[in-house]
Amino acid sequence: MSTIPPSLSDASRHSPAGKRKKRDLVALSSMVAGVLSAVVAVAAWQWPKSPAPDPAPAPTAGAATTAGGATTAAPATTTGGAAPATAAGPTAVYLDTLTVEAGKANLVAVPRAIRDKPEFADHPIAVSCPSNQPGDQARDVTWRLGGHYLDFRAEVRPYYPAGTDTGGATYVFAVAGTRQKDGTLSTTEAGRQQTASVTSPKPLTGAVEGVEQLTIRVQCGNPKGVVVLTAATVTPS
């Protein structure tokens, strides 16, 4: 019986050296595959991702969403009972509409030289200056308030005729008279104005809350003058 000798390649494949070479190739292939898998995984992890879109903001209270997705704010509402910012306070009362209780003789007409000037048009009250003789150092005019008002305000506008001392000092006082429990009337100074001049009128103000009477007292350096109060008002309580 004849025996065919194995080919050289078969012999090499089945020899110990061939078997080791085959195992080495298999191990190398496995290692290369593992390295490639690791590289792919790291690359996938490090690859920049597009940021997720920001979530749409939730509509605020009172807002309405339109069909296109836009949000429009609803009109602001006010709480019940809150007064609007433009609410007007009590209407002021002109002093010349109240009752004169004393000193009516000290009221005079607005001098012709200034009567038609617009700055003297707002409810003018003209008080004559005292003669500055003994016993006539001041002129008073008193109005009855009856405790119904909170404050007083007026513009003091002195007038001295041309050719006289037009720069004479002018003092105007607001004197408050308060009724006491025993029926007597106590007086206190509520306000004063001592810097008004012919060319520079100045305000006179005073608190008159609970006051029974308000007296305007005038003192003048020039006895030929007149002190005019314009826009003289009291605010109701």
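Scroll up a little and you will see the structure.
This write-up is about the structure you can find in this document. Note that the structure is predicted; figures quoted are calculated from it, not measured.

### Describing the overall build of the protein
Here's step 1: Along the backbone of the protein there are 3 helices and 13 strands.
Here's step 2: Residue burial in the protein is summarised as follows: out of 237 residues, 27% are buried.
Here's step 3: Within the protein, contacts between residues at least 6 apart in sequence are counted, and of these 73% link residues at least 24 apart.
Here's step 4: Of the roughly 15,700 Å² of accessible surface on the protein, 59% is carried by carbon and sulfur atoms.

### What to know about the state of the cysteines
Linking two cysteines covalently via their sulfur atoms produces the bond known as a disulfide.
Here's step 1: Evaluation of the coordinates by the stated rule reveals 1 disulfide.
Here's step 2: Note that C129 is cross-linked by a disulfide to C220, the S-S spacing being 2.1 Å. The chirality of the disulfide connecting C129 with C220 is left-handed, given an S-S dihedral of about -75 degrees. Here C129, found in the loop between β6 (125-128) and β7 (139-144), pairs with C220, found in strand β12 (residues 213-220); they are 91 residues apart in sequence, far enough to count as distant.
Here's step 3: Residue class for C129 comes out buried when judged on its relative accessible area of 4%.

### Notes on the side chain of D136
Here's step 1: Looking at the secondary structure, you find D136 in the loop between β6 and β7.
Here's step 2: Within the structure, the side chain of D136 is placed 2.7 Å from the side chain of S131, a separation counted as a polar contact.
Here's step 3: Of the polar contacts made by the side chain of D136, one reaches the side chain of R139; its length is 2.8 Å.
Here's step 4: Those residues in contact with D136 that lie beyond four places of it in its chain are P130 and S131.

Parameters and conventions
- Residues numbered from 1 in each chain as written.
- Predicted model: local features only at pLDDT ≥ 70, side-chain atom pairs only at ≥ 80, totals over all residues.
- Heavy atoms only, no water.
- Helix = DSSP H or I, 4+ residues; strand = E, 2+ residues; numbered from the N terminus.
- Buried < 20%, exposed > 50% of the residue type's maximum accessible area, 1.4 Å probe, protein only.
- Contact = heavy atoms within 4.5 Å.
- Areas by Shrake-Rupley, 256 points an atom, 1.4 Å probe, with all protein chains shown as cover.
- Disulfide = S-S within 2.5 Å.
- Polar contact = N/O pair within 3.5 Å; in protein donor to acceptor, adjacent residues only side chain to side chain.

Read these as geometric descriptors, not functional statements.
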